[in-house]
Amino acid sequence: MNPKYKPLFEDFTLRSGIRLNNRIVMAPMTNWSSNEDGTVSDPEVDYYIRRAGGVGMVVTACTYVTRNGKGFAGEFGADTDDMIPSLRRLASAIKEKGAVALLQIFHGGRLCPPELVPNGDIVSASDVPSEQNGNVRPRPLQDEEIEAIVRDFGQTARRAIEAGFDGVEIHGANGYLLQQFFSPHTNRRDDRWGGDLAKRLTFPLAVVEEVKRVVAEHAKRPFAVGYRFSPEEPEENGITMDDTLKLVDVLAGRELDYLHVSLMDFRSKPRVGADDNKSRLQWIVDTAGGRTPVIGVGSVHTPEEALEALLPGAALVALGRELIMEPDWVAKVAEGREAEIATTLSKQDQRQLVIPDPLWQGIMGAPGWFPVVD
């Protein structure tokens with residue numbers, strides 16, 4: 001191995017006591033490949049097995065905590081105890097390759113396709129339609145429904161424990177339900193769940209506390225809890241960098257195992273709410289102030305870029321699309337073969353890369369998202 005890459009291979013122990021063999025994380029990525037009944041499919045398991053060898057930790061694609069939170073076709077479920085065997089199969093496959101396995105838990109809120117939820121009942125913080133579902137006006141959740149969803153997050157964490165996962169990542173990013181409550185654009189409520197920033201934090205923090213309570217009650221071994229968030233929204237009156245830094249400050253005091261920022265590029269600068277003399281990642285790391293580790297992510301392809309993503313003080317670096325294109329990324333860096341790392345796809349690569357058909361079709365239909373060569 002080139003000695004300059006040794007920082008990527010230092011071990012790291014999370015607050016819960018879980019030890020990662022290195023600083024590389026497989027980022028959560030939707031693959032649309034689960035069975036229709038919400039169980040994990042054979043191709044999906046094979047896809048994770050192909051990528052779990054080498055990375056320190058795998059965060060799975062998101063799983064819905066309640067039936068009306070299903071956000072994608074081909075998404076696996078964790079909303080009932082009947083799903084525990086399916087979840088156990090995925091956790092075991094990842095852990096057998098040597099990686100720490102975390103289950104990402106979420107509710108899609110207004111972004112759920114109506115055809116995927118019971119009675120097409122799309123819910124959110126308020127009745128603000130999304131660009132994706134512009135002709136669907138979501139129904140504002142009632143107080144007791146919000147409390148039930150908080151409990152659903154906790155029960156899904158219990159299922160993750162029983163299935164053998166090493167932790168859960170609470171998905172508060174990418175415009176889904178937790179972010180819908182935090183955002184002033186989507187949360188127009190005037191009750192205890194909305195209003196000023198402190199009240200808009202009520203639902204996300206209730207989920208955090210319920211998950212932690214369930215973990216304390218049910219986990220008989222170290223079990224991690226992380227939180228993922230998006231730093232800014234493009235919509236008028238959306239989340240600003242200042243809002244996010246206040247969120248980070250609060251979450252950093254909640255004894256979580258890590259904070260995971262969702263970025264398209266780890267070098268990106270704030271648009272509104274903070275000076276652009278620092279990257280978003282640097283602002284977040286500085287605000288966390290060493291109280292909670294931060295995972296950096298976004299357009300990391302080479303080991304040089306991975307090192308650069310750690311420079312602001314991030315503890316871990318997540319690779320997303322790059323691990324789809326190059327499942328052997330960690331091994332090649334460790335063996336001094338970084339020049340062989342693939343950063344493009346060819347149309348003949350699906351089989352050798354063990355990419356399920358629905359994900360492959362998505363890749364081929366998304367020009368520019370993946371660099372595809374003939």
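- Identification of the protein chain as NADH-dependent flavin oxidoreductase from Cohnella yongneupensis is taken from an unreviewed UniProt entry.

A short note on the sheet that holds strand E9 (residues 224-229)
- Pairing in this closed barrel of eight strands is parallel, and the strands run E3-E4-E5-E8-E9-E10-E11-E12 around the ring. The sheet shows a mean angle of 30° between the axes of neighbouring strands, taken without regard to direction.
- Against the sheet, helix H1 (residues 42-52) engages strand E3 (24-26) and strand E4 (57-64), with an angle of about 155° to E4.

Overview of helix H9 (residues 303-310)
- With six of eight residues buried, H9 is to be regarded as a mostly interior element.
- Those residues of H9 lying buried are Pro 303, Glu 305, Ala 306, Leu 307, Ala 309 and Leu 310.
- At its buried positions, H9 is contacted by helix H8 (280-288), strand E12 (316-319) and helix H11 (329-334).

Brief notes about the pattern of salt bridges
- Applying the stated criterion across every chain yields a total of 27 salt bridges.
- A salt bridge links Arg 158 to Asp 81; the nearest nitrogen and oxygen atoms lie 2.8 Å apart. Note that Arg 158 is positioned in helix H3 (residues 143-163) and Asp 81 in the loop between E4 and helix H2 (84-96), a separation of 77 residues in sequence.
- Residue classification places Arg 158 among the buried residues on the basis of a relative accessible area of 10%.

A few points about the UniProt feature "domain: NADH:flavin oxidoreductase/NADH oxidase N-terminal" (unreviewed entry) in the protein chain
- As annotated in UniProt, the feature "domain: NADH:flavin oxidoreductase/NADH oxidase N-terminal" (unreviewed entry) corresponds to residues 8-339 in the numbering used here.
- For residues 8-339, the end-to-end C-alpha separation is 17 Å, with 34% helix and 15% strand making up the annotated structure.

Looking at the state of the cysteines
- Under the criterion given, the structure shown has zero disulfides.
- Distance from the sulfur of Cys 62, which forms no disulfide, to the nearest cysteine sulfur (Cys 112) is 9.6 Å.

With respect to the nonpolar core
- Counting 98 residues, the largest nonpolar core has Phe 203, Val 211 and Trp 329 as its most contacted members.
- Here the element with the most residues in this core is H3; it accounts for eight residues.
- In contact with Val 211, other than residues within four places in its own chain, are Ile 105, Phe 153, Gly 154, Ala 157, Val 168, Ile 170 and Val 225.
- Counting 17 residues, the second-largest nonpolar core is a separate cluster that includes Leu 14, Met 57, Val 100 and Ala 318.

Examining unusual backbone geometry
- The residue Asn 237 is not glycine, and still its phi comes out positive at about 65°.
- One non-glycine residue, Ser 299, lies in the positive phi region at around 60°.

Focus on the packing of H2 against H3
- It is at 8 Å that the axes of H2 and H3 come closest, and there the two elements cross at 55°. Relative to H3, H2 is oriented oblique. The two elements H2 and H3 meet at a crossing, and its hand is right-handed. Here Ile 84, Leu 87, Arg 88 and Ala 91 of H2 come into contact with H3, specifically with Arg 159, Glu 162 and Ala 163.

Some thoughts on the pairing of strand E5 (residues 100-106)
- Along E5, seven of the seven residues are buried, which leaves the element largely enclosed by surrounding structure.
- Residues Val 100, Leu 102, Gln 104 and Phe 106 line one face of E5 and the alternating positions Ala 101, Leu 103 and Ile 105 line the opposite face, and both faces are buried.
- Bridging between E4 and E5 involves six bridges; their strand directions are parallel. Bridging across to E5, Val 58 finds its partner in Ala 101.
- In terms of handedness, the path from E4 via H2 over to E5 forms a crossover that is right-handed.
- Relative to strand E8 (residues 167-172), E5 is paired through four bridges, and the arrangement is parallel. The residue of E8 that forms the bridge with Leu 103 is Val 168.

Examining the pairing of strand E11 (residues 294-297)
- Burial of E11 is two-sided: the residues Val 294 and Gly 296 facing one way and the residues Ile 295 and Val 297 facing the other way are all buried.
- Two strands pair when backbone bridges link them, and strand E10 (residues 258-261) and E11 are joined in this way by two bridges, in the parallel orientation. Note on E11: the bridge partner recorded for His 260 is Ile 295.
- Taken together, E10, H8 and E11 constitute a β-α-β crossover, and its handedness is right-handed.
- Here E11 runs beside E12; their pairing, made up of three bridges, is parallel. Counted as the bridge partner of Gly 296 is Val 317 from E12.
- As for the winding sense of the linkage, the β-α-β connection from E11 through H9 to E12 is right-handed.

Considerations on the environment of Glu 338
- Locating Glu 338 in the fold gives a position in the loop between H11 and strand E13 (345-346).
- For the pair Glu 338 and Asn 2, spaced 336 residues apart in the sequence, the C-alpha separation amounts to 9.0 Å.
- In this view, Glu 338 contacts Asn 2, Tyr 5, Pro 303, Lys 332 and Val 333; residues no more than four positions away in its chain are not counted.

Calculation rules
- Residues numbered from 1 in each chain as written.
- Predicted model: local features only at pLDDT ≥ 70, side-chain atom pairs only at ≥ 80, totals over all residues.
- Heavy atoms only, no water.
- Pairing = 2+ DSSP bridges.
- Helix = DSSP H or I, 4+ residues; strand = E, 2+ residues; numbered from the N terminus.
- Axes fitted to C-alpha atoms, helices over the stretch in contact; angles between N-to-C directions.
- Contact = heavy atoms within 4.5 Å.
- Buried < 20%, exposed > 50% of the residue type's maximum accessible area, 1.4 Å probe, protein only.
- Salt bridge = Lys/Arg side-chain N within 4 Å of Asp/Glu carboxyl O.
- UniProt positions renumbered as here; feature names shortened; annotations may be inferred.
- Disulfide = S-S within 2.5 Å.
- Core = buried A, V, L, I, M, F, W, Y, C linked by side-chain atoms within 4.5 Å.
- Parallel < 35°, antiparallel > 145°, perpendicular 65-115°, else oblique.
- Left-handed = near helix turned anticlockwise from the far one by under 90°.
- Right-handed = clockwise from strand over helix to strand, strands pointing away.

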